[in-house]
Amino acid sequence: MTMCLNYLFQPTLNHFNCHYSRHFSLPPNPNPKSFSSNFSHTATTINLRFYGPDSPKPTSIQTKPPSSGHPLPYSSLIQNCIDSNSFELGKSIHVQMIYNGYNPDAYLMTKILMLYARSGCLDDLCYARELFEEMPERNLTAWNTMILAYARADNYVEVLRLYSRMQFSGNFSDKFTFPSVIKACTAMEDIDGIRQVQSSVVKAGLATNLIVGGALVDGYARFGRMDDAVTALDEIEGTSVVTWNAVIAGYIKVLNWEEAWEIFDRVLKIGVYRDNFTFASALRVCGGLRSRDIGKQVHSKLIACGFKGDTFVGNSLIDMYAKCGDEESCWKVFNKMGERNQVTWNTIISAEAQFGHFHDALVLFLRMQESGCKSNRFNLGSILMASAGLADIGKGRELHGHLIRNLLDSDIILGSALVDLYSKCGMVEEGHQVFKTLLERNEVSYNALLAGYVQEGKAEEALELYHDMQSEDDIHPDHFTFSTLLTLCADQGNDYQGRQIHARLIKKNITKNIIVETELVHMYAECGRLNYAKEIFNQMAERNAYAWNSMIEGYEQNGRTEEAVQLFKQMQINGIKPDCFSLACMISSCVSLSDWHKGKELHNFIVRNSMEEEGILRVLLVDMYAKCGSMEYAWNIYDQTIKKDVILNNVMISAFVNSGRMNDAKNVFDQMEQRNLASWNAILACYAKEGLKRGSFNHFLEMLENEIEFDVLTMVTLVNLCSSLPALEHGEQLHSLIIKKGLVKCSVVLETALVDMYSKCGVIKKARKVFDNMNEKNIVSWNAMINGYSKHGCSKEALILFKEMEKEGMSPNEVTFLSILSACSHTGLVEEGWRIFSSMQEEYNTEPKAEHYTCIVDLLGRAGRLEDAKEFVEKMPMVPDVSTWGALLGACRVHKDMDMGRLAAERLFELDPQNPGPYVIMSNIYAVAGRWKEVEDMRQMMKMKGVTKEPGVSWIEINSEIQIFHAGSKTHPRTEEIYNNLRQLTSQSKGLGYIPDTGFILQNVKDVKEKEEEYLLQHSERLALSLGLISLPEKSTIRVFKNLRICGDCHNATKFISEITGRRIIVRDTKRFHHFEGGKCSCGDYW
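Residues numbered from 1 in each chain as written. Predicted model: local features only at pLDDT ≥ 70, side-chain atom pairs only at ≥ 80, totals over all residues. Heavy atoms only, no water.

This brings us to the pairing of strand β6 (residues 961-966). Regular strands show a simple pattern: their side chains alternate between the two faces of the sheet. As defined by bridge partners, strand β5 (residues 953-958) adjoins β6 across 6 bridges and the pair is classed as antiparallel. Bridging from a neighbouring strand, Ile956 pairs with Gln963 of β6. The hairpin formed by β5 and β6 contains 2 residues between the paired strands, and Asn959 there has a positive phi angle of roughly 55 degrees. (Pairing = 2+ DSSP bridges. Helix = DSSP H or I, 4+ residues; strand = E, 2+ residues; numbered from the N terminus.)

Tracing the backbone through its elements, the reader meets His432 in helix α23 (residues 428-437). Here the side chain of His432 touches Tyr453 through a polar contact of 2.7 Å, side chain to side chain. With residues near it in sequence (within four places) discarded, His432 still touches Leu449 and Tyr453. (Polar contact = N/O pair within 3.5 Å; in protein donor to acceptor, adjacent residues only side chain to side chain. Contact = heavy atoms within 4.5 Å.)

On to the sheet that holds strand β8 (residues 1065-1068). Two strands in a sheet stick together by hydrogen bonds in their backbones, pointing the same way (parallel) or opposite ways (antiparallel). One open sheet accounts for 6 strands, arranged β6-β5-β7-β8-β9-β10; its pairing is mixed. Of all the strands in the sheet, the pair left with one neighbour each is β6 and β10 (1080-1081). Relative to strand β9 (residues 1073-1077), β8 runs antiparallel, the two sharing 4 bridges. When the bridges of β9 are listed, Ile1065 appears paired with Phe1076.

By the element assignment, Asn924 lies in helix α52 (residues 916-928). For Asn924, a relative accessible area of 14% corresponds to the buried category. A sequence separation of 77 residues divides Asn924 from Ile1001, and the C-alpha atoms of the two residues are 8.8 Å apart. (Buried < 20%, exposed > 50% of the residue type's maximum accessible area, 1.4 Å probe, protein only.)

A separate point is the nonpolar core. Residues Met146, Val298, Met652, Ile653, Met715 and Ile820 are the most contacted members of the largest nonpolar core, which totals 289 residues. Ignoring any residue separated from it by four or fewer positions in sequence, one finds Val298 in contact with Trp261, Phe264, Phe279, Ala282, Leu283 and Cys286. Residues Leu985, Leu1023, Ile1038 and Cys1050 belong to the second largest nonpolar core, which totals 26 residues. (Core = buried A, V, L, I, M, F, W, Y, C linked by side-chain atoms within 4.5 Å.)

Quick look at the pairing of strand β7 (residues 1038-1042) now. Within β7, 5 of the 5 residues are buried, which leaves it mostly tucked inside the rest of the structure. Every second residue of β7 is oriented toward a common face, with Ile1038, Val1040 and Lys1042 on one face and Arg1039 and Phe1041 on the other, all of them buried. Judged from the 3 bridges that link them, β5 and β7 form a sheet pairing that is antiparallel. Pairing of Ser954 across the sheet is with Lys1042, part of β7. Pairing of β7 with β8 involves 4 bridges; the strand directions are parallel. Looking across to β8, one finds that Ile1038 is bridged to Ile1065.

Moving on to a negative patch on the surface. A contiguous patch of negative charge, built from Asp227, Glu258, Glu259 and Glu262, is present on the exposed surface. For the negative patch, the element with the most residues is helix α13 (residues 257-270), which contributes 3 residues. By secondary structure assignment, the location of Glu258 is in helix α13. (Patch = residues over 30% accessible without salt bridge, like charges linked within 9 Å, V, L, I, M, F, W, Y side chains within 5 Å. Areas by Shrake-Rupley, 256 points an atom, 1.4 Å probe, with all protein chains shown as cover. Salt bridge = Lys/Arg side-chain N within 4 Å of Asp/Glu carboxyl O. Lys, Arg positive; Asp, Glu negative; His and termini not counted. Charge placed at Lys NZ, Arg CZ, Asp CG, Glu CD.)

Turning next to the packing of helix α49 (residues 866-874) against helix α50 (residues 882-894). Packing of α49 against α50 brings their axes to within 11 Å, and their N-to-C directions diverge by 170 degrees. One element, α49, and the other, α50, form an angle in the roughly antiparallel class. Counted together, Leu866, Ala869, Lys870 and Val873 of α49 and Thr884, Trp885, Leu888, Ala891 and Cys892 of α50 form the full contact between these two elements. Classifying every residue of the contact of α49 with α50 by side-chain character gives 7 nonpolar, 1 polar and 1 charged. (Axes fitted to C-alpha atoms, helices over the stretch in contact; angles between N-to-C directions. Parallel < 35°, antiparallel > 145°, perpendicular 65-115°, else oblique. Nonpolar A, V, L, I, M, F, W, Y, C, P; charged D, E, K, R; others polar.)

All right, on to the packing of aromatic side chains then. Under the counting rule described, the total for this entry stands at 30 aromatic pairs. Between Tyr625 and Tyr633, the ring centres sit 5.2 Å apart and the planes meet at 25 degrees, which makes this aromatic pair stacked. Considering the side-chain rings of Phe802 and Tyr844, the 6.3 Å spacing of their centres and the 65 degrees angle between planes classify their relative orientation as edge-to-face. Of this pair, Phe802 sits in helix α45 (residues 795-807) while Tyr844 sits in the loop between α47 (830-842) and α48 (850-862), placing them 42 residues apart in sequence. Given a relative accessible area of 5%, Phe802 falls into the buried group. For Tyr844, a relative accessible area of 22% puts it in the partly exposed group. By the ring-pair criterion, three or more aromatic residues cluster together here, those being Trp261, Phe264, Phe279 and Phe307. The cationic tip of Arg138 hangs over the ring face of Phe132; the distance from NZ or CZ to the ring centre is 4.8 Å. (Phe/Tyr/Trp six-rings, centres within 6.5 Å; stacked < 30°, edge-to-face > 60°. Lys NZ or Arg CZ within 6 Å of the ring centre and 35° of its normal.)

Another aspect to go through is the confidence of the model for the protein. Residues with a pLDDT of 70 or more make up 92% of the protein, whose mean pLDDT is 87. Within the model, the stretch residues 1-44 combines pLDDT values under 50 with 97 contacts to residues more than four positions away or in other chains. Residue range residues 63-71 is modelled with pLDDT below 50. Its contacts to residues more than four positions away, or to other chains, number 19 contacts. (pLDDT = per-residue confidence, 0-100.)

Further remarks concern helix α24 (residues 443-455). For α24, with 13 residues, the first-to-last C-alpha span of 18 Å sits near the 18 Å given by 1.5 Å per residue. Along α24, the residues that are buried comprise Ser445, Tyr446, Asn447, Ala448, Leu449, Leu450, Gly452, Tyr453 and Val454. For α24, the N-terminal capping position is held by Asn442, with its side-chain oxygen 3.1 Å away from the main-chain nitrogen of Val444. Positive backbone phi, approximately 70 degrees, marks Gly457, located one or two places after α24. (Expected span 1.5 Å × (residues − 1).)

Right, dumping it as structure tokens:
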């Protein structure tokens, strides 16, 4: 039978108006459409023709024979539309049914439901839901249809609601229900929901079903519940590569690379078909294991399986070889790829960035753009990383501008990379500004900025950022955060803060992370808490090279060199091969032990393992041999090096400087093709060490002529040279230059050197002015100023400064106590000195050393309490050394105690028989007592033992030239003027009450009085003073320096000369400064 139907589709039906018109619209007056069909009890052909500008093409549908219960084949028509994805056609048929008033039964209604639910259109899904809710009966297929439709639309809340209603309605779930419900639970992060569904699966007997079981495996794997995933996998009957891939992916997600490899190995053994995702996952596992060998095995297998040309797999191969450090294989795969996509370029660019080939990464980025691929957030992240690695702030700013123009600067990944870039370029504040603009922040962005602050040593800012991070709801400090903070504590030597972070780690239960454990070891080792470091180190389940190196370095830096050596051996026994860091530490240990033989063993190890080019090992070997006194070996390594870089040259120069080989150091310097500031500073240190003022300043002028920008170290070297000479005029010129160059406030070391220079040049007020203007003072600064006051006899000022130091929160150290005790000794403050000495251990927990005991001996001896001093020496907790007996002997000279002096001298002759000091002092004691025979005996003893007396030398600076005098010198061009001036001053002094003290004549010249007085005029300090008086401008201060103690008669005479001339005279001897003015000395005749 043939039937032709012609009708107009008028959207006038109530049902259509109420429901269908909401979801898709038809023309208000559509053209007639022809519907014709040939119904029979065999197959039926339906021809549909449409008219109108937007109508579909004519369509013919073959239907199945109608059953007796279905007079018209609507169910077949709808099913065919579903199968052929002709959803618009199916909806047209549904409209016709509505128009004809056809009332579908439950079976047909389910088909119509499927039509709308599966179309993929959200509006159709809404209409399907209305149809579903209006169904008087809902069978299992209807429930499954809606559940599956919502699952495909990612509306997981509705999936779970429908599933709950379905269970309540009494419908039992089947193999089509469970996968969608499991997917919904996974998406909603409802692990308990999956467990409940699994119970229903087991009750339904579907745990062995490949689809249902596979869904359970995938759900558990996505949660990282791998034991549950594997259990579900083992219950499945049959095999599916998708399921196995899910398990591998699950293990990868939890970074359990070993188990992931075991699963892949099972796939190979049981013969499961492997797809490209399987091989890509396996390659990722190889990268995670950093195993190039098994990676190559997988590479061979995928070629055998026909995946050689697969782009997805090729990208994974590049990534795997990159993670395994095989750059050559990365490039081989890349170059052989027939087709490259965006991911390919992203991967190879990322690989080059990981290899540290930052320039190559930038070149690849340009090649990628030329190939037609666009920049995206992934490759831009790698390029930002490359720019950070190159510290190329120019390229970084260019990329920053690109991100701003493309509205990507607030992207969390790229924004974090920008923060990292600015931080690594030393512009952490700009990084902070980028950080503030991020719409969303995560652990990575916080860690990048935190690392920047730590890198610049900004502890307060770093800790403040850490506290901000803790206050965020969805951001939690991770092991990178804590490892960075521990690095800060290590750099700052702040073990208190480090212990607080350690406590936080214990509370968060993340102490078992190898990165965190290693940083804890490093922090405690750097802070000298070796017991804590060792305890953590011993508890580590796995120890990497960094952990071993940290412990070795900790022992070496804290003077426990032998333990460092033993740990180095233990490291090798445990299978950890020494790297350049551990070897560097061991070479340093050899320097500490002065053991070049052990150093030679390390040298041989380095040569055998071809490690001479690694790091700075060759440089360290040269330095080690030189410091251990084996300059021949040091020179051989240097000389045999073909390409000598500037660092090696600088070390060789320093080696020659330290061994006193000035000419050799100069030769190396002159032959250098390239020099840096360190090279110039090394030669400058050479001149300064030799005390060559002219050579030092000429070298400095040469630096300026060569446009070498000097630094703080240059200035410190020159200022220290001025301190040692001393050379006040040059020191003042340097100070002016320092101020001009803006260096005065940027280095506490340099400012401390200036304090020391002015103190040693006799200008204590200027020293205090520099000290007061310092923005930052360390313990060395305070000690320099206190010691300056001590040497100038300003004990009151020294004690006041000592108390100020404590108020500032600065704890005194051993040097501080040495200076303050010396100050008390120079001014006779016995009780105060004794109190401070007693407080060292009681109040400051500082164990007095031999030199502190020596100060007390000197304190008591100078005060004339020689018996107390002798008793104190005998009760010392350590064996008295040369300096202690020397202090007692010096006191005996002051107080002319020959017997006790003889006792002290005998001890000194035993301890240090080649030191001329005790012989000279004892000879002086005998000479003052008129015991000329004993004086001659002393001289004969010195001659017999080959001991040479250091000659007395005094010097004065005149017009930037050092004028040197020995006793009785008559070589100076103005000798006659010098002596005549002294004779005239002596005559004037006698008129004021000066009486020459012939007790300081240490030769038997007492036959003629005039001869005795003439002999006193020949003392070196008096000759230097006379030259100053006749050469320097009136009213200028005269500064004389002497290498021995000023003689008593010269001290007395200088007081009279200062009164006669009205001049201020400063004399510095080996012990202290004497300020003469108006006939008085600052020492109060107590020295």
